[in-house]
Amino acid sequence: MEELKERIRREGVVASQQVLKLDAILNHQIDPQLTMQMGREFAARFAEDGVTRVITVESSGIPVAFAAAYELGVPMVFARRKKTLLADPDSYFERIPSFTKGIVTDLMLPKRFIKKEDRVLLIDDIIANGDAARGLVKIIGSAEATLVGAGIVVEKCFQSGARMLREQGIRLESLVRIESLGEDGIVFAD
Ligand code: 5GP
């Protein structure tokens, strides 16, 4: 997705060698047209996989997961990051470290929103160490549903998450791959 790369070049802010701020397009402000384009791209890549449900984590995964689910014509469900007073006790829970918050959070997804018969597409905005994705993979496993693959908007290749998921045999498709962040700015992998 050349347009996405161009937007990242123009609007991304290198916060450190590890962190890229994408508040202008992914994490705070949302560009609906660009987001729908991402959704169409994921829907096209997983068109033959019989997806019945799209799963993500709140909050930054939600717009793109919605766009992919809309294009695939299936429901989208997101894991919440913490228990609230209204948390459904009949839920799957997974404790994960949060990359940006520097704390652990509990992912929570009600059991009624993921079934054994489901063929699930996991979507997220950015992959770093892969903890968020691994938490979702565990929830999908607990539900005995089938994971058809993961669609990630931005893969940071210099962190281990994407590689580890692929080593587990998970099909991971990313729209943009970043090789490094630093004095040379944002270096794309391809
Ligand atoms: P992971 O669990 O793979 O370590 O981190 C994934 C989550 O942390 C993503 O959902 C994303 O929101 C956030 N994250 C990871 N790296 C970055 C980054 O470089 N920039 C921003 N804005 N968020 C990030």
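You'll find the structure just up there.
Presented here is a report on the structure given in the accompanying data block. (Residues numbered from 1 in each chain as written. Predicted model: local features only at pLDDT ≥ 70, side-chain atom pairs only at ≥ 80, totals over all residues. Heavy atoms only, no water.)

With respect to the site of the ligand
Of all residues adjacent to the ligand, which total 16 residues, the nearest are L20, A128, N129, G130 and K156. Contact distances for the ligand include 3.1 Å between a nitrogen atom and a side-chain N or O atom of N27. In this structure, an oxygen atom belonging to the ligand sits 2.8 Å away from a main-chain N or O atom of A128. Isolated, the ligand exposes 510 Å² of accessible area, and the fraction of that covered by the protein chains is 92%. Because more than half of its atoms lie within 2 Å of the grid, the ligand is assigned to the largest pocket. (Near = heavy atom within 4 Å. Polar contact = N/O pair within 3.5 Å; in protein donor to acceptor, adjacent residues only side chain to side chain. Areas by Shrake-Rupley, 256 points an atom, 1.4 Å probe, with all protein chains shown as cover. 1 Å grid on protein atoms, 1.4 Å probe; cavity = no way out; pocket = protein on both sides within 12 Å on 5 of 7 lines; lining within 4 Å. Sits in = over half its atoms within 2 Å of the grid points.)

Remarks on the packing of helix α1 (residues 2-11) against helix α3 (residues 32-45)
Remark: α1 packs on α3, axes separated minimally by 10 Å, with the N-to-C direction vectors making an angle of 135 degrees. Regarding the angle of α1 to α3, the classification is oblique. Handedness of the α1/α3 crossing: left-handed. Contacts between α1 and α3 involve E3, L4 and R7 on the former and, on the latter, L34, Q37 and M38. (Axes fitted to C-alpha atoms, helices over the stretch in contact; angles between N-to-C directions. Helix = DSSP H or I, 4+ residues; strand = E, 2+ residues; numbered from the N terminus. Parallel < 35°, antiparallel > 145°, perpendicular 65-115°, else oblique. Left-handed = near helix turned anticlockwise from the far one by under 90°. Contact = heavy atoms within 4.5 Å.)

Things to note about the sheet that holds strand β9 (residues 172-182)
Spatially, β4-β3-β7-β8-β9-β10 is the arrangement adopted by the six strands of the open sheet, whose pairing is mixed. What marks the edges here is a single partner per strand, and that holds for β4 (76-79) and β10 (185-188). For this sheet the average axis-to-axis angle between neighbouring strands, irrespective of direction, equals 30 degrees. Bridge count between strand β8 (residues 146-156) and β9: six bridges; the pairing is parallel. By the bridge assignment for β9, E155 is matched with R177. The sheet contacts of α3 involve β7 (119-127), β8 and β9, and relative to β9 the element is tilted by about 125 degrees. (Pairing = 2+ DSSP bridges.)

Quick word on the pattern of salt bridges
Opposite charge on two side chains permits pairing when their charged atoms draw close. Counting across every chain of the model gives 23 salt bridges. Here D23 ties to K21 by a salt bridge, and the two come within 3.7 Å at their closest N and O atoms. Given a relative accessible area of 29%, D23 falls into the partly exposed group. In this structure K21 comes out as partly exposed when scored by relative accessible area, which is 40%. Note that E173 and R45 form a salt bridge whose closest N and O atoms lie 2.9 Å from each other. Note that E173 is positioned in strand β9 and R45 in helix α3, a separation of 128 residues in sequence. Connected through shared salt-bridge partners, E6, R7, R9, R10, E11 and D31 make up one network. (Salt bridge = Lys/Arg side-chain N within 4 Å of Asp/Glu carboxyl O. Buried < 20%, exposed > 50% of the residue type's maximum accessible area, 1.4 Å probe, protein only.)

Considering the nonpolar core
Formed by 28 residues in total, the largest nonpolar core has its most connected members in L4, I8, M38, V54, I123, V153 and I178. Among the secondary structure elements, those contributing two or more residues to this core are α1, α2 (23-27), α3, α4 (62-72), β7, β8, β9 and β10. In contact with I123, not counting residues within four places along its chain, are F42, V54, I55, T56, G61, V64, A65, A68 and G151. (Core = buried A, V, L, I, M, F, W, Y, C linked by side-chain atoms within 4.5 Å.)

Some words on the packing of aromatic side chains
Under the definition given, this model contains one aromatic pair. The cationic tip of R171 hangs over the ring face of F46; the distance from NZ or CZ to the ring centre is 4.1 Å. (Phe/Tyr/Trp six-rings, centres within 6.5 Å; stacked < 30°, edge-to-face > 60°. Lys NZ or Arg CZ within 6 Å of the ring centre and 35° of its normal.)

Thoughts on the environment of E2
Note on placement: E2 falls in helix α1. For E2, a relative accessible area of 55% gives the class exposed. Remark: the alpha-carbon pair of E2 and V176, spanning 174 residues in sequence, is separated by 8.8 Å.

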